[in-house]
Amino acid sequence: MLHNIPYLTVTAKTKVYGYRRRIPEVVRFLFNGKREIVKSLKTKSLTAAQVEVQRMNHWFEERVATAGYSTTVESKLPIKLVREIHQDMKMMGNHPSQLPTISVHSDPREMSQFARDIATAMQLKQELDSDQITIDEYAAGLSALENGTVWKIGAAQSKRQFLLDQLRKKYRDPEKTIAESLDPNIDCDSEDYVLPQMIWDETDPEVISYRIMCGENLLPDPTWQNAVDDYLKQYNSSPKQRSDQQKVKHSRAVKSYCTKISAAFPHGMRTALRSIDAEDVRDFIRQDDVQPSTKAKNLTMLRAVWNSWSLYNPKQVVEGDPFMAEIILHKSAIKETEVNRRSFTPSEFRQFNDSLSKETDQEVRLVGKIAAYCGAPTGDIAKLERKDVKLSSDTPHLVFRAVAGKDRIARSVPLLDPIKTELEAYIKEQGRNRQTDLVFTSKVVRSSSDLSKKLTIHITNERPDDPLRLVPYSLRHTFKDRAEAAMDSRYVQYLIGHKTKDSSAVHQKYGTGVPPSVLVDGMVAIQSLKDWGMFEEFD
């Protein structure tokens, strides 16, 4: 039987109906990266199949809608305007939060005074209404209550009533006002008569002020989207020294991962922060197919977004921390899953350098050579800016800055030939002249995984039975082994950036300025070293 129902399929042989639907690339992360949904409906009944297709479509559309992958949430009222009005009312002494309150927690003496003031005010009003006192005497009697709780509440009510009267005049409907004035059945002079009203403009500052006076909380519940936007605003305007490239990279990572986790929240990016709980985070993070160290890193980033909201928006603080439990869990699992690496043997190291010298990608070749030369992580090398390469100094050197979130000190590493000459020629050729220019700009170097694959090609593992892995990061271990065989360990710790008592002392003495002669002599000794380390033999 032929049909024209979207996404409904039927097998030619068994006539069993199924459901098949392509998934747009932008939302594939919601479906574990799948390109299509293919599902047997296990029925030969067209009616039953139609019902199931409707159910599947509804599920699919709801899931995509809650992702909020392209939606930026805006509140009905401009939050900035509402905050400014709150502040203005406080400056003028008209804000409800400035009024005294009487509750079960009030001091008994305060409550007794409040009762006496109420009785006095009521007595004065009765005497005024019965013409026992004049209006001036009434005002004089009330002035005796000035600055008391009753007086302040009464003054606030008067201000609120005055503003209400002004708004009713401002938004009166002229046509209906004229019509009602001509209607004999309507007494326009009565005390409870209200002018016919047009719809009030909710963004009118006077309307907002009146609603705040009435006790309304016009600041909307902050959403996950609000938290992400606010975090990025604070991050990019921070006085901390960050390059434009750092800001762009971090901003993209935050947007991408915060959008990804929003699929696990009740309403995607629109989910109110108070509605996000630890269970939502747990359901998402435990399905994410990455190592515990990566999960802990991602969770820490998400937690920074969460905490930033309450830090910079104290009037809308959100209680709790739905990320902490999973951060603790995955940090504790890092040691159990971390990859143990080994150093290159002298033979493997020579072969790596020989192979790398034939690498056609100039940036990959240089990054690999620097990593082998001084043991710097390739991520640190990729972040080098022109100002970090001191070629014109009396002692040419590289400056590696301290990395936020990494327990590494800033340090200065002397540059020797032939790496100095090759790096200098490359910088000149590429025209990297501005201080903030990145030294390396290719997409391969900017991607840690792609760079690792490129460098791995040049590795020859002569110890296949060794349980310890030989990877590009092993260059760092190799430099440490070589350096410890050639120079004082305190200088070794400084050169590789380990934060220890000795390395910190070296850093405090020399900082990241021109390297002391001992570092130059040490680097010369390291480069001339032919043998290092003790490697266990395997049968």
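This text gives an overview of the structure that appears in the document.

**Thoughts on the overall build of the chain**
Move 1: A tally of helices and strands in the chain yields 22 helices and 6 strands.
Move 2: Computed over the C-alpha atoms, the radius of gyration of the chain is 36 Å, more than 25% above the 24 Å expected from 2.2 N^0.38 for a compact globule of 539 residues.
Move 3: Judged by the C-alpha coordinates and their principal axes, the chain covers about 110 × 80 × 50 Å.
Move 4: Contacts in the chain between residues at least 24 apart in sequence constitute 67% of all its contacts with a sequence separation of at least 6.
Move 5: The centroid of the 79 positive side-chain charges in the chain is displaced by 9 Å from the centroid of its 74 negative side-chain charges.

**Details of the pattern of salt bridges**
Move 1: Per the stated rule, a full pass over the model turns up 24 salt bridges.
Move 2: Between Lys 170 and Glu 206 there is a salt bridge, with the nearest N and O atoms lying 3.0 Å from each other. With a gap of 36 residues between them, Lys 170 in helix α5 (residues 149-170) and Glu 206 in helix α7 (residues 205-213) connect regions that are remote in the sequence.
Move 3: With a relative accessible area of 43%, Lys 170 lands in the partly exposed category.
Move 4: On the basis of relative accessible area, Glu 206 is assigned to the partly exposed category, the value being 35%.
Move 5: We note a salt bridge from Asp 380 to Arg 411, for which the minimum N-O separation is 3.8 Å.

**Details of the side chain of Arg 386**
Move 1: On the secondary structure map, Arg 386 appears in the loop between α15 (378-382) and β4 (389-390).
Move 2: We note that Arg 386 is buried and unpaired, the nearest opposite charge coming from Glu 424 at a distance of 7.1 Å.
Move 3: Separated by 3.2 Å, the side chain of Arg 386 and the backbone oxygen of Arg 432 make a polar contact.
Move 4: In contact with Arg 386, not counting residues within four places along its chain, are Leu 391, Ile 427, Arg 432, Asn 433, Arg 434, Gln 435, Asp 437 and Val 439.

**Some thoughts on helix α13 (residues 346-356)**
Move 1: Pro 346, Glu 348, Phe 349, Phe 352 and Leu 356 are the residues of α13 that are buried. Within α13, the buried residues cover an arc of 160 degrees as seen down the axis, which keeps them to one side.
Move 2: Contacts from the buried residues of α13 go to α14 (362-374), α18 (448-456) and α19 (474-486).

**Here's the deal with the sheet that holds strand β1 (residues 8-10)**
Strand pairing in a sheet relies on backbone hydrogen bonds. The paired strands run either parallel or antiparallel.
Move 1: What the 3 strands build is an open sheet, ordered β1-β2-β3; its pairing is antiparallel. Each edge of the sheet is formed by a strand with only one pairing partner; in this case those strands are β1 and β3 (36-40). Direction aside, the axes of adjacent strands within the sheet are offset by 25 degrees on average.
Move 2: Both β1 and strand β2 (residues 17-22) contribute to a ladder of 3 bridges, which runs antiparallel. Bridged to Val 10 within β2 is Tyr 17.

**Section: the packing of aromatic side chains**
Move 1: For the structure on display, the rule yields 12 aromatic pairs.
Move 2: Ring geometry for Trp 306 and Phe 323: centres 6.0 Å apart, planes at 75 degrees, overall edge-to-face. One end of the pair, Trp 306, is in helix α11 (residues 292-312); the other, Phe 323, is in the loop between α11 and α12 (324-337), with 17 residues separating them in the sequence.
Move 3: On the basis of relative accessibility, which here comes to 3%, the residue Trp 306 falls in the buried class.
Move 4: Note on Phe 323: relative accessible area 0%, which makes it buried.
Move 5: Judged by centre distance (5.6 Å) and plane angle (85 degrees), the ring pair of Phe 349 and Trp 532 falls under edge-to-face. With Phe 349 in helix α13 and Trp 532 in the segment after α22 (517-528), this residue pair connects regions lying 183 residues apart in the sequence. One exposure class covers both Phe 349 and Trp 532, and it is buried.
Move 6: Members of the aromatic cluster, connected to one another through ring pairs, are Trp 224, Phe 265, Trp 306 and Phe 323.
Move 7: Over the face of the ring belonging to Trp 532 we find Arg 482, whose NZ or CZ atom lies 5.3 Å from the ring centre.

Each value, and the rule that gives it
- Residues numbered from 1 in each chain as written.
- Predicted model: local features only at pLDDT ≥ 70, side-chain atom pairs only at ≥ 80, totals over all residues.
- Heavy atoms only, no water.
- Helix = DSSP H or I, 4+ residues; strand = E, 2+ residues; numbered from the N terminus.
- Rg over C-alpha atoms; globule rule 2.2 N^0.38 Å.
- Contact = heavy atoms within 4.5 Å.
- Lys, Arg positive; Asp, Glu negative; His and termini not counted.
- Charge placed at Lys NZ, Arg CZ, Asp CG, Glu CD.
- Salt bridge = Lys/Arg side-chain N within 4 Å of Asp/Glu carboxyl O.
- Buried < 20%, exposed > 50% of the residue type's maximum accessible area, 1.4 Å probe, protein only.
- Polar contact = N/O pair within 3.5 Å; in protein donor to acceptor, adjacent residues only side chain to side chain.
- Arc of directions from axis to C-beta.
- Pairing = 2+ DSSP bridges.
- Axes fitted to C-alpha atoms, helices over the stretch in contact; angles between N-to-C directions.
- Phe/Tyr/Trp six-rings, centres within 6.5 Å; stacked < 30°, edge-to-face > 60°.
- Lys NZ or Arg CZ within 6 Å of the ring centre and 35° of its normal.

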